[in-house]
2 protein chains.
Amino acid sequence: MSRSIAVIREEFIEQVGLIAQAELLPRIAGRLMGLLIFDGKEYSFSELAEALQVSRGSISSSVSLLTAMGVIERTAKPGDRQDYFKLSEDPYNTFFQRALRRAEKAHKTIQETRNAVPKDKREIRGRLKEYENFYTALMKALDSTS
Amino acid sequence: MSRSIAVIREEFIEQVGLIAQAELLPRIAGRLMGLLIFDGKEYSFSELAEALQVSRGSISSSVSLLTAMGVIERTAKPGDRQDYFKLSEDPYNTFFQRALRRAEKAHKTIQETRNAVPKDKREIRGRLKEYENFYTALMKALDSTS
DNA sequence: TATATTGTTCAGTAATAACTGAACAATATG
DNA sequence: CATATTGTTCAGTTATTACTGAACAATATA
């Protein structure tokens, strides 16, 4: 007996919530994303709260986060005062960029430390350089795809 | 007036703690790593607790985490009962692998969902495929470097 | 053998982030 | 105008995770 499509959908939404957590996003934001991916339609603000069974406050912060990230877009329906939301054109590219920004930040910190260490401390600078190189490589890898 | 090397060191250690947090690791584990990178020498178990000003319990969990990850190695000094720790040969490669494993897990989840969705639900499967493709690309990018 | 040292475990606490829901401003609708 | 609806904010709560420190087993040393 195979699972019903409704169960598959529910489980997927929860799983995307967990994936989001592993990417340092709030779980509700992930579930919202999962919902929009699976259903592929626009949801109104209140429909989101209803579908995910969370407070309007949570929807508000999740949609502004995902909108800022470029994962979803706010749309409007004629004759309906509510905001509607749908997946944006390229929802996933953001995640590359997020990872890239984290890497850049770490890289910058390490580089600044290395520059601050006197030139004659060669071993320290060498170890910092190696650490830095890791992020250089990561940035390059992420850059090539996004 | 430039900062003293001691201050630069302290700040670096704290910064690596923050970088670690952004990579989903406990802050103390990051500070420990920062300490070993900067100083480039072996530290004993109790020296680590002293240097980072944390409990032995924290050192214990941090060293086992970092050891399991392959970031540090446990060593021994003749005539000293204590465990010593140093950066491993290739401490940074682990981070690629970590990211890779996260991506693989997400990829697997999405793929399983897609396979569970009936073939005639073409739009749903299509959207899942796109989501899956993101992780395929990420895996490829990470794979090329590590 | 007794005492000390070492590293682990785990129960309890602290710190942090997510989430709720009520208050609110803004706007619509009767 | 009054009432309802919408989305945001924020204070308070809940949930989660990190961290501490005491108890402990294992081993060393006197």
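Heads up: the structure comes first, above all this text.
The following refers to the structure shown.

Cut-offs used in this document
- Residues numbered from 1 in each chain as written.
- Chains lettered and ligands numbered in written order.
- Predicted model: local features only at pLDDT ≥ 70, side-chain atom pairs only at ≥ 80, totals over all residues.
- Heavy atoms only, no water.
- Helix = DSSP H or I, 4+ residues; strand = E, 2+ residues; numbered from the N terminus.
- Rg over C-alpha atoms; globule rule 2.2 N^0.38 Å.
- Buried < 20%, exposed > 50% of the residue type's maximum accessible area, 1.4 Å probe, protein only.
- Contact = heavy atoms within 4.5 Å.
- Areas by Shrake-Rupley, 256 points an atom, 1.4 Å probe, with all protein chains shown as cover.
- Near = heavy atom within 4 Å.
- Polar contact = N/O pair within 3.5 Å; in protein donor to acceptor, adjacent residues only side chain to side chain.
- Least-squares fit on C-alpha atoms with pLDDT ≥ 70 in both.
- Salt bridge = Lys/Arg side-chain N within 4 Å of Asp/Glu carboxyl O.
- Pairing = 2+ DSSP bridges.
- Core = buried A, V, L, I, M, F, W, Y, C linked by side-chain atoms within 4.5 Å.
- Buried area = accessible area lost by both parts, 1.4 Å probe.
- Nonpolar A, V, L, I, M, F, W, Y, C, P; charged D, E, K, R; others polar.

1. With respect to the overall build of chain A
Broken down by element type, chain A carries 6 helices and 3 strands. Computed over the C-alpha atoms, the radius of gyration of chain A is 21 Å, more than 25% above the 15 Å expected from 2.2 N^0.38 for a compact globule of 146 residues. C-alpha extents for chain A along the principal axes are approximately 70 × 45 × 30 Å. In chain A, which comprises 146 residues, the proportion classed as buried is 44%. At a minimum sequence separation of 6, the contacts of chain A that also span at least 24 residues come to 50%. On chain A, roughly 7,700 Å² of surface is accessible, and the fraction owed to carbon and sulfur atoms is 49%.

2. Things to note about the protein's contact with DNA strand C
A:Ser58, A:Arg81, B:Arg56, B:Arg81 and B:Asp83 are the nearest of the 16 residues found near DNA strand C. In DNA strand C, the atoms that sit within 4 Å of the protein are 62% sugar and phosphate, with bases accounting for the remainder. Contact distances for DNA strand C include 2.2 Å between a base oxygen and a side-chain N or O atom of B:Arg81.

3. Some words on the relation of the copies chain B and chain A
Each copy of the sequence occupies a distinct position, and chain B is placed on chain A by a rotation of 180° and an axial shift of 0.0 Å, giving an RMSD of 0.1 Å. When the rotation and shift are considered jointly, the pair of chain copies conforms to a two-fold rotation axis. Using C-alpha coordinates, one finds that chain B approaches the rotation axis most closely at B:Ala141, a distance of 2.6 Å. Of the interface residues in chain B, 100% have counterparts in chain A that sit at the interface too, so the contact is made through matching surfaces.

4. Structural notes on the pattern of salt bridges
Two side chains with opposite charge may pair up if their charged atoms get near one another. Applying the stated criterion to the full structure yields 20 salt bridges over all chains. As a salt-bridge pair, A:Arg27 and A:Glu14 come within 3.4 Å of each other at their nearest N and O atoms. Here the residue A:Arg27 occupies a position in helix H2 (residues 27–39), and A:Glu14 occupies one in helix H1 (residues 5–22), the gap between them amounting to 13 residues. For B:Arg3, the salt bridge identified is with B:Glu11, shortest N-O distance 2.5 Å. Judged by its relative accessible area of 42%, B:Arg3 falls in the partly exposed class. Judged by relative accessible area, which is 37%, B:Glu11 ranks as partly exposed. Counted as one network, the salt bridges with shared partners bring together A:Arg9, A:Glu10 and A:Asp39.

5. Focus on the sheet that holds strand S1 (residues 43–44) of chain A
Whenever strands of a sheet pair, they do so through backbone hydrogen bonds, lying parallel or antiparallel. Residue and element names in this part refer to chain A. Taken together, 3 strands build an open sheet; the order of strands is S1-S3-S2 and the sheet is antiparallel. Two strands close off the open sheet at either side, each with one partner strand: S1 and strand S2 (72–77). Examined bridge by bridge, S2 and strand S3 (residues 80–87) share 6 bridges and lie antiparallel to one another. From the neighbouring strand, Ile-72 faces S3, where its bridge partner is Leu-87.

6. Section: the nonpolar core
In a soluble, globular protein the nonpolar side chains are often hidden away together inside. The biggest cluster of nonpolar side chains holds 87 residues, and the ones touching the most others in it are A:Tyr131, A:Tyr135, B:Tyr131 and B:Tyr135. Residues within four places of A:Tyr135 in sequence aside, it is in contact with A:Ala103, A:Ala106, A:His107, A:Ile110, B:Ile19 and B:Glu23.

7. Some thoughts on the interface of chain B and chain A
In this assembly, 40 residues from chain B lie in contact with 40 residues from chain A. Across the chain B to chain A interface the summed buried area is about 3,500 Å²; carbon plus sulfur atoms make up 75%. Across the chain B-chain A interface, the total number found is 0 salt bridges. In this structure, the connection of chain B to chain A is made through 8 residue pairs in polar contact (both at pLDDT 80 or more). Of all elements in the fold, only helix H1 (5–22), helix H2 (27–39), helix H5 (93–116) and helix H6 (122–145) of chain B reach the threshold of two or more residues within the side of chain B that touches chain A. Per-element accounting of the side of chain B that touches chain A gives the leading share, 12 residues, to H6(B). Grouping the amino acids of the side of chain B that touches chain A by side-chain chemistry returns 28 nonpolar, 5 polar and 7 charged.

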